[in-house]
Amino acid sequence: MSDHYDVIIIGTGAGGGTLLNRIAPSGKRILVLERGPFLLREKDNWSYHGSFKYYSSEAMYNKDGGEIYPGFCYYVGGNTKVYGAALFRLRERDFEKFQHRDGISPEWPLKYRDFEPYYTEAEKMYQVHGKAGEDPTEPWHSGPYPFPPISHEPRIKEVFEVLTARGLRPYPAPMGIRINEALMHLSPCIRCDTCDGYPCMVHAKSDSEVSAVRPVMQQPNITLVTEAKVVRLHTNASGREVTGVVADVKGELKMFSGDVVVVSCGAVNSAALLLRSGNDKYPNGLANSSDQVGRNLMKHVLGSLVGVSTVKPNPSKFQKTMAINDFYWGEPGYDFPMGNIQLMGKTVLEGLKGHEDKYAPLTIQQVADSSIDWWLTTEDLPAPNNRVTVDAERIIIDYTENNSEPFERLVNRWKGILGQIGCGCHILPQKSYFSPKSGYFSTKMPMQSLGHQTGTCKFGDDPKTSVLDLNCRAHDVDNLYVVDGSFFISSGAVNPTLTIIANALRVGDHLLERLGAKTEASAPTEPRFSRASEELILAK
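Figured I'd write up the structure that's included with this text. None of these values were measured; they are calculated from a predicted model.

**A look at the overall build of the protein**
Helices and strands together make up the secondary structure of the protein, namely 9 helices and 23 strands. Expected size for 540 residues packed as a compact globule is a radius of gyration near 24 Å; at 23 Å, the protein falls within 12% of this value. Principal-axis analysis of the C-alpha atoms gives the protein an extent of 70 × 50 × 45 Å. The 540 residues of the protein split such that 60% are buried. Of all intrachain contacts in the protein linking residues separated by at least 6 positions in sequence, the fraction that spans at least 24 positions is 73%.

Printed below as a string of structure tokens:
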């Protein structure tokens, strides 16, 4: 088998996996290099303690040299194997210049209207359940969601109705879950309590492996090499073309070449790969004549809020069915955006054991029985000094949080509302964390939390101020693309995954045109072996 391909895609997450799916029917020879293996289906998929083994123990470093553990997921499907499957569109105004508490969220070179058709396709491809028209900040849709919203369980339905009665506008959270509530005996999803943060044992979560990679693996033009960590990209003498992709394949270095090379390792690892691939032409890193590779790292200001009321239990299993954007753009008397509120996975007893003192005077059983769990997101702003750098093999994350005040305001606003409606979070005058009947637990995500990583290779028209052009091709290198969250100009205040997927579809169309490719699907073949990895290429 020749080691030269029409396209090489590095990574199979939301960006790389989706791009593969888009261009696979072209008939072009496509090599996919994935750092991890396939994630096994086993009981630990649905075990609270067992599930932690799916997160990488890889250490990165802060600017002071201290170890941090971002917990990335290196499997076919990337971080989507353990994501929460909340698939929001950015708001229309997120693409515009907007004043925030700590600075300006910059204008995008493309607008919502440019992404809207691809958002629609992405929602179909990842089987998003939702209902348009109930969120006051919602951008326009060219069509309805492809699947109806997931129903609320009784306690969540009650909260939804109480919030609505108080004048708020909760709405069904858009979820990429393969559920058929009309015919549950045929539904892949069984509405368990191990979705958010867990891999799905029954492949009912619309992750990139299930939705994008597996559906095209029978095509004879696709070769997937797993356990292949790409360590460097080589260029020709002019630096205008990537001529070699060096990967550590199960401990052995191998070189591959392709007419087009697509990097999709996640915003942190993609930036690190380019920085490590510097040469005489690019002493500061490949495609980095602008000095922007690795800069403008964004990860959102994130936190969880767990409200507990001992008066009303919450026996919900799958409670991720509601979101609230009433404070997305601020509130009366506060003109700065605050962010998004959504339900998160239900607290389980196993996750509380060993920390009984933390929750006193409530017992951990009371917490597990009655908690309603919320996830709050505030936009962080791109800052050149928030960046990824490398020191040999060490990845260094230099990040200082901004926009903290709007996040704290959102947290306090939501605590007050939950206390008023009997959902916990009642704060006593002396600022005690607990009262006999209700309490709250809030956790702000630490600096090493990089689940929403974006912005390290921003796209734009000007090669002096951006890394990628509007098609996500590197300004400096004619055949190099970056297709993951790296391209973001700003982060908005909703989960970035759907925008990454939509952009991958958009870039895929550009690549099909560049390659002069036909898009008729190839006839499926039997699973086959890749000589490069001696690994079975799975079709299903």
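**Examining helix α1 (residues 14-23)**
Given 3.6 residues per turn, any residue in an α-helix points the same way as the ones three and four places further on. Burial of α1 is extensive: 10 of the 10 residues sit out of reach of the surface. Turning to α1, its buried residues number three or more, namely Ala 14, Gly 15, Gly 16, Gly 17, Thr 18, Leu 19, Leu 20, Asn 21, Arg 22 and Ile 23.

**Here we look at the pattern of salt bridges**
For side chains bearing opposite charge, pairing can occur when the charged atoms are close. One pass over the structure, following the stated rule, counts 32 salt bridges. Of the charged contacts, one joins Asp 291 and Arg 295 as a salt bridge, the two residues approaching to 3.1 Å between their closest N and O atoms. When its relative accessible area of 33% is taken as the criterion, Asp 291 is described as partly exposed. Each member of the salt-bridge network shares a partner with another, and the members are Lys 81, Asp 207, Glu 209 and Arg 214.

**Focus on helix α2 (residues 112-125)**
The first and last C-alpha atoms of α2 sit 19 Å apart over 14 residues, in line with the 20 Å expected at 1.5 Å per residue. A maximum bend of about 25° is found in α2 at Tyr 118. Those residues of α2 that fall on the buried side of the exposure criterion are Tyr 112, Phe 115, Glu 116, Tyr 118, Tyr 119, Thr 120, Ala 122, Glu 123 and Met 125. Of the surrounding secondary structure, the elements contacted by the buried residues of α2 are α1, β7 (128-129), α4 (208-213) and α9 (497-515).

**Some points on unusual backbone geometry**
Positioned with a positive phi, Lys 250 is a non-glycine residue whose angle comes to about 50°. Along the chain, Lys 250 falls in the loop between β12 (242-249) and β13 (252-263).

**So, the packing of α1 against α9**
Their axes nearest at 8 Å, the elements α1 and α9 cross at an angle of 35°. The hand of the α1/α9 crossing is right-handed. Along its contact with α1, which presents Ala 14, Gly 15, Thr 18, Leu 19, Arg 22 and Ile 23, the element α9 presents Thr 497, Ile 500, Ile 501, Ala 504, Leu 505, Val 507, Gly 508, Asp 509, Leu 511 and Leu 512. Its residues assigned to classes, the contact of α1 with α9 comprises 10 nonpolar, 4 polar and 2 charged.

**Details of the sheet that holds strand β3 (residues 60-62)**
Read across the open sheet, the 4 strands follow the order β4-β3-β19-β18; overall the sheet is mixed. Two strands lie at the open edges of the sheet, namely β4 (67-68) and β18 (387-391), each paired on one side alone. Sheet topology note: the β3/β4 ladder contains 2 bridges and is antiparallel. For Met 60, the partnering residue across the bridge sits in β4 and is Ile 68. The sheet contacts of helix α5 (residues 267-276) involve β3, β18 and β19 (394-398), and relative to β18 the element is tilted by about 45°.

**Some points on the packing of aromatic side chains**
Taken as a whole and assessed by the stated rule, the structure comprises 20 aromatic pairs. Ring geometry for Tyr 328 versus Trp 329: centroids 5.0 Å apart, planes at 70°, classification edge-to-face. In this pair, the class of Tyr 328 matches that of Trp 329, namely buried. Centre to centre, the rings of Phe 487 and Phe 488 are 5.0 Å apart; their planes meet at 70°, and the pair counts as edge-to-face. Judged by its relative accessible area of 0%, Phe 487 falls in the buried class. The exposure class of Phe 488 is buried, given its relative accessible area of 1%. One aromatic cluster is present, formed by Phe 95, Trp 108, Tyr 112, Phe 115, Tyr 119, Trp 140, Phe 459, Phe 487 and Phe 488 through successive ring pairs. Above the plane of the ring of Tyr 61 lies Arg 394, whose end atom (NZ or CZ) is 3.8 Å from the centre.

**Examining the packing of α2 against α9**
Where α2 meets α9, the axes come as close as 8 Å, and the angle between the chain directions of the two elements is 110°. Of the possible angle classes, the one that applies to α2 and α9 is roughly perpendicular. Of α9, the residues touching α2 (which contributes Phe 115, Tyr 118, Tyr 119, Glu 121, Ala 122, Glu 123 and Met 125) are Leu 498, Thr 499, Ile 501, Ala 502, Asn 503, Leu 505, Arg 506 and Asp 509. Residue classes in the contact of α2 with α9 are distributed as 9 nonpolar, 2 polar and 4 charged.

**Re the layout of surface pockets**
Counted as a void, the second largest pocket has a volume near 260 Å³. Around the second largest pocket sit 17 residues that line it, and Asp 193, Lys 317, Thr 347, Val 348 and Ala 368 are the ones nearest its centre.

Conventions we followed
- Residues numbered from 1 in each chain as written.
- Predicted model: local features only at pLDDT ≥ 70, side-chain atom pairs only at ≥ 80, totals over all residues.
- Heavy atoms only, no water.
- Helix = DSSP H or I, 4+ residues; strand = E, 2+ residues; numbered from the N terminus.
- Rg over C-alpha atoms; globule rule 2.2 N^0.38 Å.
- Buried < 20%, exposed > 50% of the residue type's maximum accessible area, 1.4 Å probe, protein only.
- Contact = heavy atoms within 4.5 Å.
- Salt bridge = Lys/Arg side-chain N within 4 Å of Asp/Glu carboxyl O.
- Expected span 1.5 Å × (residues − 1).
- Bend = angle between axes of the 7 residues up to and from the residue.
- Axes fitted to C-alpha atoms, helices over the stretch in contact; angles between N-to-C directions.
- Left-handed = near helix turned anticlockwise from the far one by under 90°.
- Nonpolar A, V, L, I, M, F, W, Y, C, P; charged D, E, K, R; others polar.
- Pairing = 2+ DSSP bridges.
- Phe/Tyr/Trp six-rings, centres within 6.5 Å; stacked < 30°, edge-to-face > 60°.
- Lys NZ or Arg CZ within 6 Å of the ring centre and 35° of its normal.
- Parallel < 35°, antiparallel > 145°, perpendicular 65-115°, else oblique.
- 1 Å grid on protein atoms, 1.4 Å probe; cavity = no way out; pocket = protein on both sides within 12 Å on 5 of 7 lines; lining within 4 Å.
- Points joined across faces, edges and corners; volume = space filled by probe spheres on them.

As far as function goes, none of this settles anything; it's purely spatial.
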